[in-house]
Amino acid sequence: MRITVLGSGDAFGSGGRFNTCLLVEAGGQRLLLDCGGSSMVALNRAGIARNGLCGLLFSHFHGDHFGGLPTFLLDAQFVSRRTAPLVVAGPAGIEARTTQVLEAAFPGASVNAWRFPIRFAEVTPGHPVALAGLSVEAFPMVHDDRAGPCLGYRLSGGGKVFAFSGDTAWTPALVGLADGADALLVECYTWDTQLANHLDYRTLAEHRAELHTPRVILTHMNAAMLAREEDLPEERAYDGMVIEP
Ligand SMILES: [Zn+2]
Ligand SMILES: [Zn+2]
């Protein structure tokens, strides 16, 4: 399994980083995990051929994770001229949310006669699904119910486990998400400002011993957090980082 961090930024592009977008490659298949508003730029900059992707998996429905879907779909229709089936997977409500985000971004686009089959797949905690040759297990995160259910994911394949928090405040569910994973990519939005819907570094550091994984990699950092990151013992994600769990 190989993960390329195409976007390691927060919602605001702090530090010039792209919104969250991870390219997951396993067993010859490629999948996007989150596709935020700036992700088409990130995909083009990295030279990722969209038709080589079998699908997209979303952690929640905020624009910096989900907002790239309209242009991804329109690119598939009009630019990449996709013919292969596409899986669009995510929390409960993924199909209705797709219609909403398409209509908000490009009114009328949701009734396109798509030239490729789209299969929607809901992922719910406690019910692992197979996606792109991986087993995908969802964990409930604590972020924003209006943009959820908000999920973290464990991707398992080839004897390796990669865990991704999506966006979340500290929750004991992170312990289960990380348990035995080869790597955990976890949001760390602020340095020490405690928020109800995001993690700060101090809180994460206090709970580090509960996370049973050898690699904790921080992402989704705001400007204040980025200003501190070089002093930290944990790995920090950056656009272009490759993670091989
Ligand atoms: Zn976010
Ligand atoms: Zn969010």
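Caption draft 1: Spatial organisation of the coordination of the zinc ion (ligand 2). Taken together, His60 (NE2), His62 (ND1), His143 (NE2) and Asp167 (OD) make up the full set of protein donors to the zinc ion (ligand 2), lying 2.1 to 2.4 Å away. Metal-centred angles of 88 to 167° between the four donor atoms at the zinc ion (ligand 2) mark the site as irregular. Look at where the donors of the zinc ion (ligand 2) fall in the sequence and you get H-x1-H-x80-H-x23-D. Here histidine 60 falls in the buried class, since its relative accessible area comes to 0%. Looking at histidine 143, the relative accessible area reads 10%, which means it is buried.

Caption draft 2: View of the nonpolar core. Of all hydrophobic cores here, the largest spans 28 residues; its most connected members are Leu33, Leu57, Tyr153, Leu155, Phe162 and Ile243. Listed by contribution, the elements that provide at least two residues to this core are strand 1 (2-7), strand 2 (21-26), strand 3 (29-35), strand 5 (86-90), strand 8 (134-140), strand 9 (151-157), strand 10 (160-164) and strand 11 (183-187). Contact partners of leucine 57, with chain neighbours within four places excluded, come to Leu31, Leu32, Leu33, Asp34, Ala89, Gly90, Val123, Leu131, Val136, Tyr153 and Leu155.

Caption draft 3: Representation of the packing of aromatic side chains in the model. Per the stated rule, a full pass over the model turns up four aromatic pairs. On the basis of an interplanar angle of 55° and a centroid distance of 5.7 Å, the ring pair of tryptophan 114 and phenylalanine 116 is categorised as tilted. Given the relative accessible area of 3%, phenylalanine 116 is considered buried. Between tryptophan 191 and tyrosine 201, the ring centres sit 5.3 Å apart and the planes meet at 0°, which makes this aromatic pair stacked. With tryptophan 191 in the loop between strand 11 and helix 6 (201-206) and tyrosine 201 in helix 6, this pair connects stretches of sequence that are ten residues apart. In textbook terms, an aromatic cluster arises when at least three aromatic residues are bridged by ring pairs, as seen for Phe58, Phe61 and Phe66.

Caption draft 4: Layout of the coordination of the zinc ion (ligand 1). At the metal site, the zinc ion (ligand 1) is ligated by Asp64 (OD), His65 (NE2), Asp167 (OD) and His220 (NE2), and these contacts range over 2.1 Å. Viewed at the metal, the four donor atoms of the zinc ion (ligand 1) are separated by angles of 87 to 160°, and the geometry they form is irregular. For the zinc ion (ligand 1), the donor residues sit on a single chain with the sequence spacing D-H-x101-D-x52-H. In this structure the zinc ion (ligand 2) is found 3.5 Å away from the zinc ion (ligand 1), and aspartate 167 serves as a bridging donor for the pair. Taken together, the residues span a long stretch of sequence, with histidine 65 in helix 2 (residues 63-66) and histidine 220 in the loop between strand 12 (216-219) and helix 7 (223-228) at a distance of 155 residues.

Caption draft 5: Just the packing of helix 3 (residues 69-79) against helix 4 (residues 94-105), in detail. It is the contact of helix 3 with helix 4, at a shortest axis distance of 9 Å, that shows an interaxial angle of 85°. In terms of orientation, helix 3 lies roughly perpendicular with respect to helix 4. Residues Leu69, Pro70 and Leu73 of helix 3 touch helix 4, and the partners they reach there are Thr98, Val101, Leu102 and Ala105. Along the lines of polarity and charge, the residues of the contact of helix 3 with helix 4 split into six nonpolar, one polar and no charged.

Caption draft 6: Spatial organisation of the sheet that holds strand 14 (residues 242-243). Read across the sheet, seven strands follow the order 6-5-4-3-2-1-14 without closing on themselves; strand pairing throughout is mixed. Two strands lie at the open edges of the sheet, namely strand 6 (118-122) and strand 14, each paired on one side alone. One ladder, built from five bridges, connects strand 5 with strand 6; its direction is parallel. Opposite glycine 90, over in strand 6, you have glutamate 122 as the bridge partner. Against the sheet, helix 1 (residues 39-46) engages strand 1, strand 2 and strand 3, with an angle of about 120° to strand 1. Most of the contacts of helix 4 go to strand 6, to which it runs at about 125°, and overall it touches strand 5 and strand 6.

The rules behind the values
Residues numbered from 1 in each chain as written. Chains lettered and ligands numbered in written order. Predicted model: local features only at pLDDT ≥ 70, side-chain atom pairs only at ≥ 80, totals over all residues. Heavy atoms only, no water. Donors = N, O, S within 2.8 Å, 3.2 Å for Na, K, Ca; no water. Tetrahedral: all angles 85-135°; square planar, octahedral: opposite > 155°, others 65-115°. Buried < 20%, exposed > 50% of the residue type's maximum accessible area, 1.4 Å probe, protein only. Core = buried A, V, L, I, M, F, W, Y, C linked by side-chain atoms within 4.5 Å. Helix = DSSP H or I, 4+ residues; strand = E, 2+ residues; numbered from the N terminus. Contact = heavy atoms within 4.5 Å. Phe/Tyr/Trp six-rings, centres within 6.5 Å; stacked < 30°, edge-to-face > 60°. Axes fitted to C-alpha atoms, helices over the stretch in contact; angles between N-to-C directions. Parallel < 35°, antiparallel > 145°, perpendicular 65-115°, else oblique. Nonpolar A, V, L, I, M, F, W, Y, C, P; charged D, E, K, R; others polar. Pairing = 2+ DSSP bridges.

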